[in-house]
Structures are given as structure tokens and as C-alpha cells.
Amino acid sequence: MGVVRSSRGGAVRVEQVDWVEVPAGTLRRGTPGDEVAAVARRYADTGVPVDWYRKEVPRAEIHVPAFRIARTPVTAGQWAPFAAASGRPVPATPADHPVIGISWEAATAYCRWLGGRLGLGVRLPTEDEWERAARGDDGREFPWGEEYRTGLANLVDLGIGTTTPVGSFPDGASPFGVLDMAGNADEWTSTLYAPYPGAPADVPGTEDWAFDRHITRGGSFRHDRDLARCARRHGAYEPDLAAIGVGFRLAAPARPVAGAQ
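Residues numbered from 1 in each chain as written. Predicted model: local features only at pLDDT ≥ 70, side-chain atom pairs only at ≥ 80, totals over all residues. Heavy atoms only, no water.

For the rest of this paragraph, the subject is the side chain of Glu207. When you line up the elements, Glu207 lands in the loop between β7 (186-192) and β8 (212-217). Look at Glu207 and you get buried, because its relative accessible area is 2%. Looking at Glu207, its side chain comes within polar contact range of the side chain of Lys55, at 2.7 Å. The contacts of Glu207, once residues within four sequence positions are left out, are Lys55, Tyr193, Arg213 and Tyr237. (Helix = DSSP H or I, 4+ residues; strand = E, 2+ residues; numbered from the N terminus. Buried < 20%, exposed > 50% of the residue type's maximum accessible area, 1.4 Å probe, protein only. Polar contact = N/O pair within 3.5 Å; in protein donor to acceptor, adjacent residues only side chain to side chain. Contact = heavy atoms within 4.5 Å.)

Per-residue pLDDT for the protein chain averages 92, and the proportion of residues at 70 or more is 92%. Predicted confidence for residues 1-13 stays below pLDDT 50, and this span has 25 contacts to residues more than four positions away or in other chains. (pLDDT = per-residue confidence, 0-100.)

Helical periodicity: at 3.6 residues per turn, an α-helix aligns residues three or four positions apart in one direction. Turning to helix α3 (residues 76-86), its buried residues are Ala76, Gly77, Gln78, Trp79, Phe82 and Ala83. In the stretch just after α3, Gly87 is the one whose phi turns positive, near 75°.

Evaluation of the coordinates by the stated rule reveals 21 salt bridges. The partner of Glu129 in a salt bridge is Arg123, and the shortest N-O contact between them spans 2.7 Å. Relative accessible area serves as the criterion here: at 27%, Arg123 is assigned to the partly exposed category. A salt bridge links Arg222 to Glu238, with the nearest nitrogen and oxygen atoms 3.6 Å apart. You can see Arg222 sitting in the loop between β8 and β9 (234-236) and its partner Glu238 sitting in the loop between β9 and β10 (246-247), a full 16 residues away along the chain. Overlapping salt bridges, with partners in common, bring together Glu127, Glu131, Arg135, Arg217 and Arg233 in one network. (Salt bridge = Lys/Arg side-chain N within 4 Å of Asp/Glu carboxyl O.)

Mapping Ala83 onto the fold places it in helix α3. Through-space distance from the C-alpha of Ala83 to that of Gly245 is 18 Å; in sequence the pair is 162 residues apart.

With that settled, the discussion passes to the nonpolar core. Ranked by size, the top nonpolar core spans 28 residues in total, and within it Trp79, Tyr110, Trp188, Phe248 and Leu250 carry the most contacts. At the level of secondary structure, the elements contributing two or more residues to this core comprise α3 and α4 (104-118). With eight residues, α4 is the largest single contributor of residues to this core. Once you skip the residues sitting within four places of it in the chain, Trp79 turns out to touch Val74, Arg88, Pro89, Pro91, Val99, Ile102, Ala106, Tyr110 and Phe248. Ala40, Trp144, Ala153 and Ala182 belong to the second largest nonpolar core, which has 15 residues in total. (Core = buried A, V, L, I, M, F, W, Y, C linked by side-chain atoms within 4.5 Å.)

Structure, rendered in C-alpha cells:
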């Protein structure tokens, strides 16, 4: 396996992915329409208009097949060999921090590259898979539970102003043990924005104002707590993906069950 040196002098195994197995189950996706006004009031201090929360409507129970998701986002150390092989830049980020400033096209190219080395269908998670990995089997508001608590994720309220090493907030883990689902790096999904089936008629059908219309999830170090909500769906609205902290994590098919035909 390829090896790079971290900024702390340690070796990082490029192909080593800490996969979390997410079983097939029901995702309680989105937000009930009659709760949107209350959600907007709860986060009024962030300045987010109520229309942005209406994109989460309606609440629906969605079956999500089993899949694998990486416990943490892709790091700068994991990105570096791919960047060298493909002529892409290596961000000036410590090796154990999430790589940021990555376009959707570059993230999907990394997935193909790594998948070829692993012999595995590595890809970006779908939006539904991401939300299931964050929420588990219930409709919790944040990966760790119903209430926001400063110190469980690297968001703007911590005042750090940049990324932290992946996995630095273990108490903010999701029900499946997935880390950094809120804050640190905003994460690409494979899903293009569209209203949910049954959405209110005034929810926009497209987001032509977005720099990229693929959905990102989780928020980054520069975002307010509203983006840490499991239901919050948004896009990359600014072209400076490093400044807004856009990165990604990996997904793959579920591990085959031993003895299955």
C-alpha cells in the first residue's frame, strides 16, 4: 500500500479506510412541514430565511439499503498520492485534517482512483445515505441527539476558524459511530438538488444560483449550528471551496455477508 508522511512525522496508509457498516433500515428523512416555522425561529440568530428550511419538507420514511461509509472525511494525507498521480494541487493542510477546496468532479475522480486500487466500488454517498448515517433510526436533529451543544463539532461557535484533525470530537458521533458528520468540512454527496417528492409548491425546482448544484451536508468550520442539523440540505453557493471548507467522505457497497450465495 502507498505511504505518505504526515506533518507530524507519522506514516499514513493511503488505501486504509475505516469503514462503518450501516445496515439496511428506515430513514426518517427531512422535516415535517408544520415544524418549519419553529425550526426557523430556533435558528433566527443565524439569519437563515425560512424558505431554506422548506427544502427539507416533507418528513418521509425512506428505506435505505445497507452500505458502507467512511468513519471520517478524506484527509489531506490520503488525498496527496492521488494529487501527485493526477497532477492536482495538494492543499496546504496538515495530513490528518480533512482535505478541503475539492470540487465535486475531483472528489468523484478520487473515488474512482481509490476504488481501482481497492477493487471496490468506492463513491460519494447519496444524500439519503448521508442522512441515515447521521441520524440512525430516529429523527434526531443532530448526529449526537436533539440538542445542540458547543464542543461536539468544529463549527463557527468554537472560534477555531480552520479545520481540526478528523475525529477530534468523538462525543459528537452519530448513532453508528460515524464522526465529523457536523462541522469541520462540508461534504459532497452524489445527489443533485431537487425538491423532495411532495414538497411545497413554492420550493424551487432548481438552484441555478449555486456554484455546484450537488447537495453538500454537515457544514464546515465556518458555518453556524443550523448546518449541523441532520436534515439541513444545501449546496456549494460560493466558488471558493477552500474558504467555505468543502471536502468529502467515501461510501461503498455493504460488505458481503459471510456464506451468502
